[in-house]
Amino acid sequence: MRYVTVFILSMIFWLLITFKFTIPNIAAGAVASAITAAIFGRYYFYNVYKFLQPRRWLWFVVYLVTFIWACIKANFDVAYRVLHPAMPIKPGIVKVKTTLRSEFARTLLANSITMTPGTITVDIIGDEMYIHWIYIRSEDPALYTRMITGRFEEYIKKFAE
Amino acid sequence: MNDMAAIILISVGVLFNIFGCIGLIRLPDMYNRLQAATKCVTLGCCSILLGVLVHFGIGSAGFRALVAIPILFFTATVAAHALARGAYHFGTKMDKRSVKDDYREAVK
């Protein structure tokens, strides 16, 4: 089942990139997708039936909107720090605990953190994420954990776990 | 109308790319520069790609631009993580203004 999911996703991807609906092109795409699925199928989607639950898709849309908004804010934040004559930075690496269990959810959370204002995920060891922060706003672990992971963690938990 | 929107999107993209490049020069150490490089440059490129989509409309070129956006997001974030981690393990020092380093104990 997992292999089939990867196959279908790669096929959609191929059709979008080539955008040519002739028989030879679709056949070539099928062969390429089959090879991809055979090699990488076992790494992804441990439970494909999650795809069929509409509630998860709803939360995914909520997450996506939050994520895009955070991205845009992040850009203005970096632009402000770069262009400000005094360069207001106070960098450091902080440790943040995550409650997410699955690898996929953790990867998504790490990627989201990297794209949000002022933070980059440096490493994940066990439950702990190490995050470089360009301007440390708080010294209290509970407070900065909430500032960094924010709403992402709860949304990702709802659609990916 | 479409051309106008495309020009605005591409200009915004180029502007943010320039901010990212200024950040690369002005910010003090490797990790801070990475922040400018990933954030500004990624969204700048996405904006340019959206401009391409608006300009060419829904079609072969437009869809390719659209597909490139999620790929760009995933590769840029993973690359930033790999670069930061690699630099830390290689021993790149953090700037003097840094106030905290929780990662040091974990690496030992």
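Nothing here was measured: the structure is a model prediction, and the numbers come from that model.

**Student:** Can you help me understand the pattern of salt bridges in this one?
**Tutor:** Residues and elements named next belong to chain A. All chains considered together, the criterion is met by five salt bridges over all chains. Here E128 and K97 are joined by a salt bridge, their closest N and O atoms 3.1 Å apart. Of this pair, E128 sits in strand β3 (residues 128-133) while K97 sits in strand β1 (residues 92-97), placing them 31 residues apart in sequence. Looking at K97, the relative accessible area reads 51%, which means it is exposed. The shortest N-O distance in the salt bridge between D127 and R101 comes to 3.5 Å. Placement of D127 in the loop between β2 (119-125) and β3 and of R101 in the loop between β1 and α4 (103-115) is noted, with a sequence separation of 26 residues between them. Here R101 falls in the exposed class, since its relative accessible area comes to 52%. Each of R101, R106 and D127 takes part in one network of salt bridges that share partners.

**Student:** Looking at this structure, I do not really get a nonpolar patch on the surface. What am I missing?
**Tutor:** Residues and elements named next belong to chain A. Judged by side-chain polarity, M1, V4, I8, L9, I12, Y49, F51, L52 and W57 come together as a nonpolar surface patch covering roughly 920 Å² of accessible area. For the nonpolar patch, the element with the highest residue contribution is helix α1 (residues 2-18), accounting for four residues. The residue F51 is located in the loop between α2 (23-40) and α3 (54-83) in this model. Given the relative accessible area of 31%, F51 is considered partly exposed.

Analysis parameters
- Residues numbered from 1 in each chain as written.
- Chains lettered and ligands numbered in written order.
- Predicted model: local features only at pLDDT ≥ 70, side-chain atom pairs only at ≥ 80, totals over all residues.
- Heavy atoms only, no water.
- Salt bridge = Lys/Arg side-chain N within 4 Å of Asp/Glu carboxyl O.
- Helix = DSSP H or I, 4+ residues; strand = E, 2+ residues; numbered from the N terminus.
- Buried < 20%, exposed > 50% of the residue type's maximum accessible area, 1.4 Å probe, protein only.
- Patch = residues over 30% accessible without salt bridge, like charges linked within 9 Å, V, L, I, M, F, W, Y side chains within 5 Å.
- Areas by Shrake-Rupley, 256 points an atom, 1.4 Å probe, with all protein chains shown as cover.

Spatial relationships are all this shows, so hold off on functional conclusions.
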